[in-house]
Amino acid sequence: MKFLNHIKTVSGAMVLSLGTLVTSCDFLDIVPPEQATLADATKDADATLGFLCSCYAGIGNPVKYTASESSVDEYVCPQLWGNAGQRLSYDLSNQNAPADERWTNTYKYIGQTLLFLQELPNARGITETQREEWTAEAYFLLAFYHAEILRFNGPCPITETLLSEDTTPDQYGGRWHYDAAVDWIVDTIDEKVLTCKSLRSIRNINETGRVTSVIAKALKARVLLYAASPLWNGSFPYPEWRNKVDTEYRGKNYGKELVSATYSPEKWERARVACEDALNTALNEDYMLYGSTDAQMKMYESEKVPLTNVYIPGGASNEFKERVLMLRYLLTARVYEGNTELIWGLNDSGDSFLTASMPNRVLQQNNGNWVNGYSGISPLLNTVERFYMADGKRLDTKRTDLFERSGIDAARPDIIKMNVNREARFYAWLVFDQGDYSTMYVDGSPLRVELKVKSKQGWDQAAFNRNHCVTGYLAQKFMRPSHTRTLTGSQNLKQYPRPLMRMAELYLNLAECYAAQNNTTKALEYLNPVHQRAGLPAITQDDITTSGYSLMEWVRNERFCEFWGEGQRFHDIHRWAKGPEYLSAGKHEGLNAEEMENPSFEIFNKRVKVNQPFSWSNRMYLATLGFEESSKNLNLVQAPGY
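The structure presented is a predicted model; accordingly, all values stated were derived computationally and were not measured.

Student: Even after reading the chapter, I still don't get the overall build of the protein, so can you show me in this structure?
Tutor: Secondary structure summary: the protein contains 22 helices and 17 strands in total. Relative to the compact-globule value of 26 Å for 642 residues, the protein shows a C-alpha radius of gyration of 25 Å, a close match. With 642 residues in all, the protein has 62% of them scored as buried. For the protein, long-range pairs separated by at least 24 residues make up 72% of all intrachain contacts whose partners lie at least 6 apart in sequence. For the protein, the accessible surface area stands at approximately 23,900 Å², while carbon and sulfur atoms represent 48% of it. Charge centroids of the protein, computed over 68 positive and 78 negative side chains, lie 3 Å from each other.

Student: Can you walk me through the side chain of K217 in this structure?
Tutor: As for its position among the elements, K217 is in helix α6 (residues 213–228). We classify K217 as buried; its relative accessible area is 19%. Leave out the neighbours within four places in its chain, and K217 touches L194, D277, A278 and T281.

Student: In this structure, what is going on with the packing of helix α1 (residues 45–56) against helix α3 (residues 102–119)? I would like to understand it.
Tutor: Geometry of a packed helix pair, given as the angle between the helix axes and the separation of the axes. Look at α1 against α3: their axes get within 8 Å of each other, and the N-to-C directions meet at 155°. When the axes of α1 and α3 are compared, the pair comes out roughly antiparallel. Regarding α1 and α3, the two cross each other, and that crossing is left-handed. Here α1 contributes T48, F51, L52, S54 and C55 to the contact with α3, which in turn contributes Y109, Q112, T113, L115, F116 and E119. The class makeup of the residues in the contact of α1 with α3 is six nonpolar, four polar and one charged.

Student: Please explain unusual backbone geometry as it appears in this structure.
Tutor: Among all residues save glycine, negative phi is the norm, and among peptide bonds the norm is trans. A positive phi angle, close to 70°, is found at D286, a residue other than glycine. In this fold, D286 is placed in the loop between α7 (265–284) and α8 (294–297). Look at S375: it is not a glycine, yet its phi comes out positive at around 55°. Here S375 lies in the loop between β9 (370–371) and β10 (378–379).

Student: Explain the pairing of strand β15 (residues 498–502) here, please?
Tutor: Two faces, one strand: in a regular strand the side chains alternate between the faces of the sheet. Counting buried positions along β15 gives five out of five residues, so the element sits mostly inside the fold. Note: strand β7 (residues 342–346) against β15, four bridges, orientation antiparallel. Following the sheet pairing, W344 is matched in β15 by M501.

Student: What am I meant to see in the packing of aromatic side chains here?
Tutor: Here a ring pair, both rings aromatic, is described through the centre-centre distance and the interplanar angle of the planes. This model, assessed by the stated rule, comprises 28 aromatic pairs. Between Y109 and Y145 the ring centres are 6.2 Å apart and the planes differ by 35°, which places this aromatic pair in the tilted class. Highlighted residues: Y109 in helix α3 and Y145 in helix α4 (residues 128–153), separated in sequence by 36 residues. The buried category is assigned to Y109, whose relative accessible area is 6%. The rings of Y109, F140, F144, Y145 and W344 are connected pair by pair, giving a single aromatic cluster. Here the guanidinium or amino end of R412 rests over the ring plane of Y311, the centre of that ring lying 3.7 Å away. Sitting over the face of the ring of W429, K477 holds its NZ or CZ atom 4.0 Å from the ring centroid.

Student: Would you explain the nonpolar core in this entry?
Tutor: One broad rule of soluble globular proteins: the nonpolar side chains tend to lie buried together. Membership of the largest hydrophobic core comes to 191 residues, with the highest contact counts inside it found for I59, F140, L219, M418, Y437 and M503. Looking at this core element by element, the count peaks at 13 residues for α4. Setting aside chain neighbours within four positions, we find M503 in contact with L279, A282, L283, Y287, M288, L289, T340, E341 and I343. Within the second largest apolar cluster, six residues are counted, among which are V76, Y90, L380 and F614.

Student: How should I be thinking about the environment of L551 in this particular structure?
Tutor: Mapped onto the elements of the fold, L551 is located in helix α18 (residues 551–562). In the structure, L551 is positioned 152 residues away from R399 in sequence and 24 Å away in space, judged by C-alpha atoms.

Student: Explain the packing of α6 against helix α15 (residues 503–516) here, please?
Tutor: The interhelical angle for the contact between α6 and α15, taken along N-to-C directions, is 35°, at an axis separation of 11 Å. Crossing hand, α6 versus α15: left-handed. Note on element contacts: α15 touches α6 through E505, L506, N509, E512 and C513, opposite A218, R222 and L225. Across the contact of α6 with α15, the residue classes tally to four nonpolar, one polar and three charged.

Student: It is not clear to me how the side chain of R334 should be interpreted in this structure. Could you clarify?
Tutor: Relative to the helices and strands, R334 resides in the loop between α10 (318–330) and β7. For the buried R334, which has no salt bridge, the nearest side chain bearing the opposite charge is E337, at an N-O separation of 5.8 Å. Contact partners of R334, with chain neighbours within four places excluded, come to N339, N347, Q495, Y496 and P497.

Student: Before we go on, may I ask you to explain the confidence of the model for the protein in this structure?
Tutor: Caution applies to low-pLDDT parts of the model: their predicted coordinates are not meant to be read in detail. Within the protein, residue pLDDT values average 93, and 94% of them lie at 70 or more. Scored below 50 in pLDDT, residues 1–35 shows 120 contacts in the model against residues more than four places distant or in partner chains.

Student: Is there a simple way to think about the pattern of salt bridges in this case?
Tutor: When the charged atoms of two side chains with opposite charge come close together, those side chains can pair. By the definition in use, this model includes 57 salt bridges. By sharing partners, the salt bridges in this structure join E341, E423, R425, K477, R502, R533, E558, E562 and E566 into a single network.

Student: Looking at this structure, how should I read the environment of K267?
Tutor: Locating K267 in the fold gives a position in helix α7. C-alpha of K267 to C-alpha of Y109: the two residues are 158 residues apart in sequence and 29 Å apart in space. When sequence neighbours within four positions are dropped, the list of residues in contact with K267 reads D179, L224, A227, A228, W232 and N233.

Student: Is there a simple way to think about the pairing of strand β5 (residues 242–249) in this case?
Tutor: As paired strands, β5 and strand β6 (residues 252–257) are joined by four bridges and run antiparallel to one another. Residue pairing in the sheet places E248 in a bridge with N253 of β6.

Student: What's the story with the state of the cysteines in this structure? I'm lost.
Tutor: By definition, a disulfide is the covalent link that joins the sulfur atoms of two cysteine residues. Overall, the coordinates contain zero disulfides when judged by the stated rule. Sulfur of C196: no disulfide; nearest cysteine sulfur belongs to C55 and is 16 Å away. Between C469, a cysteine without a disulfide, and C77, which holds the nearest cysteine sulfur, the sulfur-to-sulfur distance is 11 Å.

Analysis parameters
- Residues numbered from 1 in each chain as written.
- Predicted model: local features only at pLDDT ≥ 70, side-chain atom pairs only at ≥ 80, totals over all residues.
- Heavy atoms only, no water.
- Helix = DSSP H or I, 4+ residues; strand = E, 2+ residues; numbered from the N terminus.
- Rg over C-alpha atoms; globule rule 2.2 N^0.38 Å.
- Buried < 20%, exposed > 50% of the residue type's maximum accessible area, 1.4 Å probe, protein only.
- Contact = heavy atoms within 4.5 Å.
- Areas by Shrake-Rupley, 256 points an atom, 1.4 Å probe, with all protein chains shown as cover.
- Lys, Arg positive; Asp, Glu negative; His and termini not counted.
- Charge placed at Lys NZ, Arg CZ, Asp CG, Glu CD.
- Axes fitted to C-alpha atoms, helices over the stretch in contact; angles between N-to-C directions.
- Parallel < 35°, antiparallel > 145°, perpendicular 65-115°, else oblique.
- Left-handed = near helix turned anticlockwise from the far one by under 90°.
- Nonpolar A, V, L, I, M, F, W, Y, C, P; charged D, E, K, R; others polar.
- Pairing = 2+ DSSP bridges.
- Phe/Tyr/Trp six-rings, centres within 6.5 Å; stacked < 30°, edge-to-face > 60°.
- Lys NZ or Arg CZ within 6 Å of the ring centre and 35° of its normal.
- Core = buried A, V, L, I, M, F, W, Y, C linked by side-chain atoms within 4.5 Å.
- Salt bridge = Lys/Arg side-chain N within 4 Å of Asp/Glu carboxyl O.
- pLDDT = per-residue confidence, 0-100.
- Disulfide = S-S within 2.5 Å.

Take a look at the structure:
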């Protein structure tokens, strides 16, 4: 039986009609809605598996330009879009109008999962092995959902049992101390998930997306890495924030403190051990960085993608072009196609990131209609500057000639020096003026992008005032090289899983732990596999000594480049307590793409501040609770600063 994308299930007082789930599968109605009872949800194996499926459905898509994860320094969107990420980046979220209702939605699925655990002993027609495995999966989901709230909202109530419907506002639990919540999550994974002998380390194709021991260890490692990070390890900006009730867990009373103000190096060691265990477990199960095999490097051949369609200013070797295509397949190849990188992925039928990235006027079809994207996901100059040069050096941002014509291609005279001799990830995932979008999208050919020309992809205020490029750069990270639109209107679009966890994270998590412990040799041992996979030379001790960047800055920059647009940056900036450095007013810069229609080369290629009201205050490290949440639980304190 395939695992499910869509399901309707009964949960007593909580009746959920659920949409997306992890990876692929068929539609299933457990029972007709008019006949549904709680007993029906566990009446046989199919029904019980469907009930379990509903518990997975609260997993969120991290690759979402409308969500909080888009509110950082990777890209911006047109101001008229007015999405939640923009409201958050403008510091407009408050308890009367929270920009993100993740708290409420996630606790709904915690309740659903607890209900499943309550009813699982009554399930009929399942084996004891299934009962054991499904119990472990449910406990993993409890740990995962609490971990998601913890990294978004900070200290949170730990909900281990279902509360009765007559629970009064003064009987709900308050927030737990951050460290206690971390311990509960880790203990749950260790004692309820990893001890299950029935839990598999790898899934067959019909079960891809369900938890494995590798996923469980990866989550544990991530939680402990976050706990060791500065925001939660001695640098929380509101040390006097206090709870209404004490936190007690396994014999330790934390009092009313919610975040420890004391730095603990032991947290880094605990994280290191977990990160090393997660990576080794994954490697032992034959997970590896994508691009490690000839088949992965040559996947473009099986899809008949010509290397001549890969444009690199000034030309490039076939090996370099193959690496560019491999990096595009990294984010679009499925597990059954040989993607050994993806540990856990999510399908989301409502995911429009690709459409929001795609330029306007891509292709005029035979019926006269244009294929248009939203042309709005606009990488900032911060992104452009962080990707490495082709030789592995950091871009010298002090150069005064970066916005001058490169003169490298007479057929594309306006390509600037900023966009020449860059690393493979830059060309795989970003789009610049007079560069190419995609590989075969325009009836088998790439689109040459003209961001200064109103009649092409430039700003046409009458036709595309709402949907236009803001910074002079666009994105193509999640575009599969073989994706094609034809003159007759057909396309070969497929849905590809968005990465929730992948091998690069396990390597860079461990590298960060060693960097925090000032162990340069070991940090580079785990940093370099990701760095070199991008076609770059290994980083050496000499590079660190002479570059002016610390070892930790090298690790953090690699995370920025590797996980661009995948939702990691939001949480990284927060846990590193770097909000003022990266997200304050005036930090968001781009080219002058909104100055006028049909701008000259000189007007377009100027560094400018993005004309949007970005703001930062330290309260933004934690999301606010909506008034309804804080009022219905009298023991729940609001996030500081709201």
